[in-house]
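Fold and geometry: a report
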Amino acid sequence: MNAIRPIRILGLDPGLRRTGWGVIACEGMRLSHVAHGVIAPNDKLPFAERLRLLFTEIEAVIAAHAPDEAAVEETFMNSNAQSALKLGHARAMALVVPARAGLPVAEYAATVVKKAVVGTGGADKAQVGWMIARLLPTAGKTASDSADALAVAIAHAHARTARRVA
């Protein structure tokens, strides 16, 4: 009998200061934790170097954990145009690196991610973290950025299951 490997999903919560990442395995309706972490380039580095570090660190996560698909959280509009533009650059790294590795990349609004994990789109970070601990108990303690990234991966797992059923 030929066993099929579970689908691995990389979730990314992009940010210039802290980009959370999380990898889950999805086998039917069953989800399991693979790995998670935070990429945090030094704030004192030049902007281009911080982006390069995001790029190479996301590449390293992909190389280490061999995901089949990626999902990225969409960012909300910031009232500060300069901050929004810089965040957009970080988000570009989260979209380009998996695409360059040949992975299909999906995007999800924060409200969709929160609803998929907590049941309401208005959930706060503490509620998301609490649910990640319940849904993926082997993940252990997660920083809010990596908990958000795992939530993005879970939202994608639910969306791909719903598409398969429909």
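Residues numbered from 1 in each chain as written. Predicted model: local features only at pLDDT ≥ 70, side-chain atom pairs only at ≥ 80, totals over all residues. Heavy atoms only, no water.

**Structural notes on helix 1 (residues 47-65)**
Helical geometry note: an α-helix holds 3.6 residues per turn, so side chains three or four residues apart project in the same direction. The condition that has to hold: For the purposes of this entry, the term helix denotes a DSSP run of H or I that reaches at least four residues, the term strand denotes a run of E that reaches at least two, and both are numbered from the N terminus. Take the number of residues in a helix, subtract one, and multiply by 1.5 Å to get its expected span. Each residue's exposure class comes from its accessible area (1.4 Å probe, protein chains only) as a fraction of the maximum for that residue type: buried when under 20%, exposed when over 50%, partly exposed otherwise. As used here, the arc belongs to the directions running from the helix axis to the C-beta atoms.
With 19 residues, helix 1 should reach 27 Å at 1.5 Å per residue; the first-to-last C-alpha distance of 27 Å fits that figure. Buried within helix 1 we find R50, L51, L54, F55, I58, V61, I62 and H65. The buried residues of helix 1 occupy an angular sector of 145 degrees when projected down its axis, which confines them to one face. Exposed and oriented more than 90 degrees from the buried face of helix 1 are A48, A63 and A64.

**Points about the pairing of strand 2 (residues 19-27)**
In plain terms, the rule: Pairing between strands is defined by DSSP: at least two bridges between them are needed.
Burial analysis of strand 2 places eight of its nine residues in the buried class, the great majority of the element. Relative to strand 2, strand 1 (residues 7-13) runs antiparallel, the two being bridged by seven bridges. Note that in strand 2 the partner of D13 across the bridge is G20. Once strand 1 ends, the chain turns through five residues before running back antiparallel as strand 2. Here strand 2 pairs with strand 3 (residues 30-39) via nine bridges, running antiparallel. Looking across to strand 3, one finds that G22 is bridged to H36. Hairpin remark: strand 2 followed by strand 3, antiparallel, with two residues in the connecting loop; positive phi at G28, about 65 degrees.

**Brief notes about the nonpolar core**
The condition that has to hold: Here the nonpolar core consists of buried residues drawn from Ala, Val, Leu, Ile, Met, Phe, Trp, Tyr and Cys, with membership extended through side-chain atoms lying within 4.5 Å. For this analysis, residues touch if any pair of their heavy atoms sits within 4.5 Å.
I24, I132 and L136 are the most contacted members of the largest nonpolar core, which has 22 residues in total. Those elements giving two or more residues to this core turn out to be strand 2, strand 5 (105-108), helix 3 (110-117), helix 4 (125-135) and helix 5 (144-165). Other than its neighbours up to four places away in sequence, I24 contacts I7, R8, I9, L31, S32, V34, L136, L150, A153, I154 and A157. The next biggest cluster of nonpolar side chains, apart from the first, holds 20 residues, and it includes L10, L54, A90 and M93.

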